[in-house]
Amino acid sequence: MSASAKLPPFDPADPLGIDDLLEPEDLAVRDTVRGWAADRVLPYVAEWYEKGELPGIRELARELGSIGALGMSLTGYGCAGASAVQYGLACLELEAADSGIRSLVSVQGSLAMYAIHRFGSEEQKNAWLPRMASGEVIGCFGLTEPDHGSDPAGMRTFAKRDGDDWVLSGRKMWITNGSVAGVAIVWARTEDGIRGFVVPTDLPGFSAPEIKHKWSLRASVTSELVLDDVRLPADAVLPEVTGLRGPLGCLSHARYGIVWGAMGAARSSFEAALDYARTREQFGRPIGGFQLTQAKLADMAVELYKGMLLAHHLGRRMDAGRLRPEQVSFGKLNNVREAIEICRTARTILGANGISLEYPVMRHATNLESVLTYEGTVEMHQLVLGKALTGLDAFR
Ligand SMILES: Cc1cc2nc3c(=O)[nH]c(=O)nc-3n(C[C@H](O)[C@H](O)[C@H](O)COP(=O)(O)OP(=O)(O)OC[C@H]3O[C@@H](n4cnc5c(N)ncnc54)[C@H](O)[C@@H]3O)c2cc1C
């Protein structure tokens, strides 16, 4: 018998056999999140996107909490304690539905909850994390300001002492979940350096007007945070960190989820293009039978599944406690950049239908424009890698 007779069949949905890398518990997590997204997001998301809204976000958050997707890789305080690979798989399945839903989950778990879990006091953890894990309270993370994006070190938001209290003033911009958040993690300048504050959003002086007219991440709430002398008790500060390493540590965790998530948007677009190529006929035969279309599909598959392998590799390093921030930059830079290219190529295969919301491709492509910019732009991740490779810092 030839060796090839024993080979498993080629599976277009898993051409490299990456599923072999997954444990049964990983597959169970993936199936749960994929099933939830298929029921609760996919049938509606084109309409949400067209209207530029995310209706029922509080209910969606509670459901995401009930399947353990919020603060998923954190331990204790009602969190699921999942592995980094399982968290990554969840991000992939959510972003295969829409980057806006994955953003909701990333900001909740990897930014707001992670900040409290990693840098908070026991009282802060007990007060917020169980309600955030269940989705009862939505969190946001305010670092970016109107004049300070890639370089947050220059932030103007400041907190000054008034007796035992803190008084917080400033503006934050482009804040995911801002208008629906019950708690905001706000990073501000103090006399001792940059500190993080846990800010209940019902305090006087806090408001979060929603940013409209976005052409990307339309099924996601994005807001400005306005802090006009918000008075906070002494214990509102995150006690365990001072300086930019606080927010940057949270961002590294969230970027890790994006490494996976971007491949979800790419997979959805690739599958739409593959299906279309098999069924759409021109010149008397399926367009998938033309060599130029096959070259596009082959190149898309190569980048898609290379990106997934990279995500798995980084996930295993994170689970082993060996993942460096530069390696996360490597993954975010590659996977988001390639995911956009895959969506753009898929768009060409769908021809005119590629620009329609009847198909997911253009929605994913425009969403990924935000993903390319937030949590560190392409250029910043190139500079991080450039610095790591050369030992020379090009941006400070
Ligand atoms: C939909 C959406 C949601 C977001 N959610 C959040 C959130 O929840 N919380 C939050 O804090 N922020 C959030 N952001 C903000 C995001 O993190 C910033 O937009 C990002 O950090 C870039 O900052 P900027 O837009 O001010 O661009 P800038 O920093 O002004 O950059 C503009 C351009 O200049 C380039 N550039 C800057 N410096 C250099 C350099 N040294 N060398 C070469 N090129 C350089 C950049 O790469 C970019 O191409 C969100 C953004 C979007 C679009």
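Check the entry above for the structure.
This text gives an overview of the structure that appears in the document. (Residues numbered from 1 in each chain as written. Predicted model: local features only at pLDDT ≥ 70, side-chain atom pairs only at ≥ 80, totals over all residues. Heavy atoms only, no water.)

### Observations concerning the packing of helix α7 (residues 245-279) against helix α8 (residues 291-319)
Phase 1: Between α7 and α8, whose axes approach to 10 Å, the crossing angle comes to 155°. With respect to α8, the element α7 is oriented roughly antiparallel. Handedness of the α7/α8 crossing: left-handed.
Phase 2: Broken down by class, the residue content of the contact of α7 with α8 amounts to 18 nonpolar, five polar and two charged. (Axes fitted to C-alpha atoms, helices over the stretch in contact; angles between N-to-C directions. Helix = DSSP H or I, 4+ residues; strand = E, 2+ residues; numbered from the N terminus. Parallel < 35°, antiparallel > 145°, perpendicular 65-115°, else oblique. Left-handed = near helix turned anticlockwise from the far one by under 90°. Nonpolar A, V, L, I, M, F, W, Y, C, P; charged D, E, K, R; others polar.)

### Things to note about the nonpolar core
Considering soluble globular proteins, one finds that nonpolar side chains tend to be buried as a cluster.
Phase 1: The biggest cluster of nonpolar side chains holds 107 residues, and the ones touching the most others in it are Ile185, Trp187 and Phe270.
Phase 2: Ranked by the residues each element gives to this core, the list is headed by α7, at 17 residues.
Phase 3: Contacts of Ile185, omitting those with residues within four sequence positions, involve Ala112, Ala115, Ile116, Cys140, Phe141, Gly142, Phe197, Val198 and Leu238.
Phase 4: Counting residues in hydrophobic clusters, the runner-up holds 19 residues, among them Cys140, Val199, Phe206 and Leu232. (Core = buried A, V, L, I, M, F, W, Y, C linked by side-chain atoms within 4.5 Å. Buried < 20%, exposed > 50% of the residue type's maximum accessible area, 1.4 Å probe, protein only. Contact = heavy atoms within 4.5 Å.)

### Concerning the site of the ligand
Phase 1: In the region of the ligand, 18 residues are neighbours, and Thr144, Ser150, Trp174, Thr377 and Glu379 sit closest.
Phase 2: One nitrogen or oxygen atom from the side chain of Thr176 is found 2.9 Å from a nitrogen atom belonging to the ligand.
Phase 3: Contact with the protein chains hides 66% of the accessible area of the ligand, taken as 980 Å² for the molecule alone.
Phase 4: At the level of secondary structure, the elements contributing two or more residues to the shell around the ligand comprise β3 (165-176), α10 (361-373) and α11 (378-390).
Phase 5: Split by residue class, the shell around the ligand holds nine nonpolar, seven polar and two charged. (Near = heavy atom within 4 Å. Polar contact = N/O pair within 3.5 Å; in protein donor to acceptor, adjacent residues only side chain to side chain. Areas by Shrake-Rupley, 256 points an atom, 1.4 Å probe, with all protein chains shown as cover.)

### Quick look at the state of the cysteines
Phase 1: Scanning all chains against the criterion turns up zero disulfides.
Phase 2: Cys91 takes part in no disulfide bond, and the closest cysteine sulfur to it belongs to Cys79, at a distance of 14 Å.
Phase 3: The thiol sulfur of Cys140 is not disulfide-bonded, and the nearest other cysteine sulfur, from Cys250, lies at 13 Å. (Disulfide = S-S within 2.5 Å.)

### What about the packing of α7 against helix α9 (residues 325-349)?
Phase 1: The geometry of α7 relative to α9 is characterised by a closest axis approach of 8 Å and an angle of 20° between their N-to-C directions. The orientation of α7 with respect to α9, classified from their angle, is roughly parallel. Where α7 crosses over α9, the handedness of that crossing is left-handed.

### A word on the pattern of salt bridges
Phase 1: Scanning the model with the defined rule gives 20 salt bridges in all.
Phase 2: Ionic pairing is found between Glu271 and Arg267, a salt bridge with its closest N-O pair at 3.8 Å. A residue pair is termed a helical-turn pair when its members lie 3 or 4 positions apart in one helix, as Glu271 and Arg267 do in helix α7 at four residues.
Phase 3: The exposure class assigned to Glu271 is partly exposed, which follows from its relative accessible area of 39%.
Phase 4: What you see here is one network of salt bridges that share partners, running through Arg34, Glu93, Arg267 and Glu271. (Salt bridge = Lys/Arg side-chain N within 4 Å of Asp/Glu carboxyl O.)

### Observations concerning the packing of aromatic side chains
Phase 1: All told, the structure shown has six aromatic pairs when counted by the stated rule.
Phase 2: Plain terms: the ring middles of Phe283 and Phe290 are 6.3 Å apart, the flat faces sit at 80° to each other, and that makes the pair edge-to-face.
Phase 3: The ring of Tyr49 has Arg218 sitting right over it, with the charged end atom 5.8 Å from the ring centre. (Phe/Tyr/Trp six-rings, centres within 6.5 Å; stacked < 30°, edge-to-face > 60°. Lys NZ or Arg CZ within 6 Å of the ring centre and 35° of its normal.)

### Some details on the pairing of β3
Phase 1: With nine of 12 residues buried, β3 is to be regarded as a mostly interior element.
Phase 2: Judged from the five bridges that link them, strand β2 (residues 158-162) and β3 form a sheet pairing that is antiparallel. If you follow Asp162 over to β3, its bridge partner there is Asp165.
Phase 3: Taking the residues that link successive antiparallel strands as the turn, the β2-β3 hairpin has two residues, and the phi of Gly163 there is positive, at about 65°.
Phase 4: Bridge count for β3 against strand β7 (residues 222-232) is eight bridges, and the pairing is antiparallel. Along β7, the bridge assignment pairs Ile175 with Ser223. (Pairing = 2+ DSSP bridges.)

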